[in-house]
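Summary of structural features
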Amino acid sequence: MAFWKLWLRRGLAIFVLLLVVIASVLAGLLLPYLLAAWSAKIWLLTLSSVCAFAVIAWGGAWLGALIWRAERLRKFAGSFSALWSMVFVIALYVLVLRPHPLRLTEAIRPDNTRYWRLSTGSRIAYNKYDPPAGTPVRSEPILFLHGGPGMPVGPWDHLLLSPLAESGFRVFLFDQAGCGFSDFLPVRDYTVARAVADVEAIRQEIGADKIILIGHSWGSTLAANYLAKHPDHVARVVFYSPGPMWNFEEGQAHVDFSRTDGGAPAFPSLRMLAAWLLLERNRDAAQNLLPQPEGEELLVPFIAPAVGTLVCKGDRRQIPPLMRGMSSDHLNPHLNPLVLASLGLSATNAADDPHAALRGNKTPVMILFGECDYLPWSGALDYRKTLGNAQAYYIPRAGHFIVFEQPDLMRRTILSFLFDQPDSMPSYTGDADPRTVNP
């Protein structure tokens, strides 16, 4: 009987030690996360993590030794906690704290890149396309708002939109703050309100009373929020593969990759994941842990597996080299994950939701939705139902980046809209997902 009691006691002691291992790790992760609400100092958060880990490890080891009836409780507890804490510190440094070397080759900057120093304080990289000599210049320029958030303007956007200058439009493409070749901001300044203020500052910079907005994905979210804030300064809007008008998390809950080539992104590095978690508590702490240039490089292996989701199944060859070569060619496309996460957090406050301000707005609106877009049709339908003068167009054989597979059809459709000409293709007027109507 004594034999079974002995092994039961020792089994319980081992079980306690296993619980100690789990509890100490959880304490080492949870305490700095909670403390980040009051401090952005990484050294202090790290110290709190190690101390919490060591205290739990020592106390748990002491309890385990007591159950085991070890003769030297303090010695066992000290040795166990010291060894286990050393393992934790090494893992914490290697997986989270160690800086990532910058090794990727930068994308090529377009030759005609210039910079605005906006009244908001943002330094913005932009490209301008003017109408050819002798072509009458229209008073309403086109301003392209790229997607992401955090993604820069791509070469494909230049190829799609620069020809519109031949029709008399001044065309401006720019990298939003913190993206592409534009300067970084402090992470706490990446908000929807700041992005809207930058667009308004650009309108003033180019001297246009009214502008035409073309927004892709997140750029549609930004265009909708600008329209809600400055309705008198918008002539027309093209919402292209629109992201949710508000609340990104709700929109992401319904993504569908079934019609695309590829799967979801890879699991992020623990360093980047830690920075994203810190953003919820203290944006300065996230920036102190993960500098933005380093974040751009860490994002590449995370998103590279999902590149095929941008086009329809079988159309992977249509993806431009800059996108396809992120991993194999070691290219840095300058996508900023801290912009992505910060703007996502910013677009959750119900008081800032633009729906109420946009209901009844009569600005002419075009919505482009691709057959293989992984974002749900409900998002595009929300734009059409909210805005009073909106028409939706269903683009066959096109993914989230319609420009990759249907650039000519897309450009013709936009030009017809800009000139109030007969539609180059019929608009879609139903509420049901057009993919279920035209499978």
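Provided above is the structure to which this section pertains.
I will try to describe carefully the structure that is included in this document. Treat the numbers as computed from the prediction; the structure is a model and nothing was measured. (Residues numbered from 1 in each chain as written. Predicted model: local features only at pLDDT ≥ 70, side-chain atom pairs only at ≥ 80, totals over all residues. Heavy atoms only, no water.)

**So, the packing of aromatic side chains**
Convention followed: Working definition: a ring pair exists when centres of Phe, Tyr or Trp rings (six-membered ring for Trp) sit within 6.5 Å. Plane angles under 30 degrees give stacked, over 60 give edge-to-face, the rest tilted. Numbered from the N terminus, helices here are DSSP runs of H or I no shorter than four residues, and strands are runs of E no shorter than two. Here's how the labels work: a residue is buried when its accessible area is under 20% of the maximum for its type, exposed when over 50%, partly exposed in between, all with a 1.4 Å probe on protein chains only. By definition here, charges over rings are those cases where NZ of Lys or CZ of Arg is within 6 Å of the ring centre and within 35 degrees of the ring normal.
Tallied over the entire structure, the rule returns 15 aromatic pairs. On the numbers, 4.1 Å between centres and 10° between planes, the contact of Phe 53 with Phe 88 is stacked. Pair noted here: Phe 53 is in helix 2 (residues 42-68) and Phe 88 is in helix 3 (residues 73-97), with a separation of 35 residues, a long-range link. Classification of Phe 53 by relative accessible area gives buried; the value is 0%. Assessed through its relative accessible area of 9%, Phe 88 is described here as buried. Pairing Phe 239 with Tyr 383 gives two aromatic rings, centres 4.7 Å apart and planes at 50°, and the pair type is tilted. On the criterion of sequence distance, the pair formed by Phe 239 in strand 7 (residues 234-240) and Tyr 383 in helix 14 (residues 377-386) is long-range, its members being 144 residues apart. A residue is classified by how much of its surface remains accessible, and Tyr 383, at 0% relative accessible area, is buried. In this structure, Arg 236 is placed above the aromatic ring of Phe 417, and the distance from its NZ or CZ to the ring centre is 5.1 Å.

**Remarks on the pattern of salt bridges**
Quick reminder of the rule: A carboxyl oxygen of Asp or Glu within 4 Å of a side-chain nitrogen of Lys or Arg is what we treat as a salt bridge.
By the definition in use, this model includes 14 salt bridges. Taking the shortest distance from any N to any O, the salt bridge between Arg 188 and Asp 284 comes out at 2.7 Å. Taken as a pair, Arg 188 in the loop between strand 5 (171-174) and helix 5 (192-206) and Asp 284 in helix 9 (residues 283-289) lie far apart in primary sequence, 96 residues in all. Owing to a relative accessible area of 46%, Arg 188 belongs among the partly exposed residues under this scheme. Assessed through its relative accessible area of 26%, Asp 284 is described here as partly exposed. Where Asp 315 meets Arg 317, a salt bridge forms, and the shortest distance between an N and an O atom there is 4.0 Å. Overall, Asp 315 belongs to the buried group, its relative accessible area being 7%.

**Considering helix 8 (residues 270-279)**
Of all 10 residues in helix 8, 7 are buried, a share of seventy percent or more. Among all positions in helix 8, only Arg 271, Met 272, Ala 274, Ala 275, Trp 276, Leu 278 and Leu 279 are buried.

**Points about the pairing of strand 7**
Condition: By the convention used here, strands pair only if DSSP detects at least 2 bridges between them. With strands facing away from the observer, any crossover in which the path from the first strand over the helix to the second runs clockwise is taken as right-handed.
The buried fraction of strand 7 amounts to 7 of the 7 residues, a majority that puts the element mostly inside the structure. Inspection of the sheet shows strand 6 (residues 211-216) paired to strand 7 by 6 bridges, in the parallel sense. Paired with Leu 213 across the two strands is Val 237, which belongs to strand 7. The handedness of the strand 6 to strand 7 crossover, carried by helix 6 (residues 218-229), is right-handed. Both strand 7 and strand 9 (residues 365-370) contribute to a ladder of 4 bridges, which runs parallel. Bridge pairing links Val 238 to Met 366 in strand 9.

**Here's the deal with the packing of helix 5 against helix 6**
The relative placement of two packed helices is expressed as an angle between their axes plus a distance between the axes. The condition is simple: Only the contacting stretch of a helix is used when fitting its axis, a line to C-alpha atoms as for every element, and angles between N-to-C directions run 0 to 180 degrees. Convention used here: angles under 35 degrees read as roughly parallel, angles over 145 as roughly antiparallel, angles from 65 to 115 as roughly perpendicular, and any remaining angle as oblique. In this description, contact between two residues means that some pair of their heavy atoms is separated by no more than 4.5 Å. Classification convention: Asp, Glu, Lys, Arg as charged; Ala, Val, Leu, Ile, Met, Phe, Trp, Tyr, Cys, Pro as nonpolar; all other residues, Gly among them, as polar.
Here helix 5 crosses helix 6 at 70°, and the two axes come no closer than 9 Å. Classed by the angle they form, the pair helix 5 and helix 6 counts as roughly perpendicular. For the pair helix 5 and helix 6, the contacting residues are Val 192, Ala 195, Val 196, Val 199, Glu 200 and Arg 203 in the first and Trp 218, Leu 222, Asn 225, Tyr 226 and Lys 229 in the second. Among the residues forming the contact of helix 5 with helix 6, the class breakdown is 7 nonpolar, 1 polar and 3 charged.

**So, unusual backbone geometry**
Cis geometry marks the peptide bond from Gly 148 to Pro 149; its omega dihedral reads -5°. In this fold, Pro 149 is placed in the loop between strand 4 (142-145) and helix 4 (155-161). With phi around 45°, Ser 241 is a residue other than glycine that occupies positive phi space. Relative to the helices and strands, Ser 241 is located in the loop between strand 7 and helix 7 (248-252). For Asp 420, which is not glycine, the phi torsion reads 55° and is therefore positive.

**Overview of the state of the cysteines**
Rules: Any cysteine sulfur atom paired with another within 2.5 Å is treated as part of a disulfide.
Taken as a whole, this structure holds 1 disulfide when the rule is applied. The residue that forms a disulfide with Cys 312 is Cys 372, at a sulfur-sulfur distance of 2.0 Å. Handedness of the Cys 312-Cys 372 disulfide follows from its S-S torsion of about 100°: it is right-handed. On the criterion of sequence distance, the pair formed by Cys 312 in the loop between helix 10 (292-303) and helix 11 (321-328) and Cys 372 in the loop between strand 9 and helix 14 is long-range, its members being 60 residues apart. Among the residues examined, Cys 372 registers a relative accessible area of 4% and is labelled buried.

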